[in-house]
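Below are the chains, spelled out letter by letter.
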Amino acid sequence: MLSEALEGRSHVDAGWRAELNKPVTQVVVNGAGAVVGVVSYASRARDYTGQLLWLHCREDESMADALIRHAVTSPDTTADAST
């Protein structure tokens, strides 16, 4: 299941996921090397509209905020389709 999610495949959401560019998944670790957050996002190929695919952060609101802000301001989701 994780490998399919990392590749952007989903049996449930196959229709709209087919419109997306390859997803980006980023992991945040703390100083001890423990995972504290993960976010996966992609842009829609035709207009670069960003799509947040999934996020895990152990219910830490500040981590959720940071991960969402990162995803929506990433060049992968903000690129101008005309360039």
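Please refer to the structure placed before this passage.
Throughout what follows, the structure given in this document is the object of discussion. (Residues numbered from 1 in each chain as written. Predicted model: local features only at pLDDT ≥ 70, side-chain atom pairs only at ≥ 80, totals over all residues. Heavy atoms only, no water.)

## Some words on the pairing of strand S3 (residues 50-56)
Sheet analysis places strand S2 (residues 35-43) next to S3, joined by 6 bridges and oriented antiparallel. Bridge pairing in S3 places Ser 40 opposite Trp 54. The hairpin turn running from S2 into S3, its antiparallel successor, is 6 residues long, and Tyr 48 in that turn takes a positive phi close to 60 degrees. (Pairing = 2+ DSSP bridges. Helix = DSSP H or I, 4+ residues; strand = E, 2+ residues; numbered from the N terminus.)

## Comments concerning the side chain of Ser 40
Topologically, Ser 40 is positioned in strand S2. There is a polar contact of 3.1 Å between the side chain of Ser 40 and the side chain of Thr 25. Apart from residues lying up to four places away in sequence, Ser 40 is in contact with Pro 23, Val 24, Thr 25, Gln 51, Leu 52, Leu 53 and Trp 54. (Polar contact = N/O pair within 3.5 Å; in protein donor to acceptor, adjacent residues only side chain to side chain. Contact = heavy atoms within 4.5 Å.)

## Thoughts on unusual backbone geometry
Of note, the phi angle at Arg 58 is positive, near 55 degrees, even though the residue is not glycine. Checked against the element boundaries, Arg 58 lands in the loop between S3 and helix H3 (61-73). Here Arg 58 falls in the exposed class, since its relative accessible area comes to 74%. (Buried < 20%, exposed > 50% of the residue type's maximum accessible area, 1.4 Å probe, protein only.)

## Digging into the nonpolar core
Val 24, Val 39, Tyr 41, Cys 57, Met 63, Ala 64, Leu 67 and Ala 71 together form the largest nonpolar core, which totals 8 residues. At the level of secondary structure, the elements contributing two or more residues to this core comprise S2 and H3. Broken down by element, this core gets its largest block of residues, 4 residues, from H3. Among the nonpolar cores identified, the runner-up in size contains 5 residues, and Leu 20, Val 38, Ala 42 and Trp 54 belong to it. (Core = buried A, V, L, I, M, F, W, Y, C linked by side-chain atoms within 4.5 Å.)

Nothing here speaks to function; it is all geometry.
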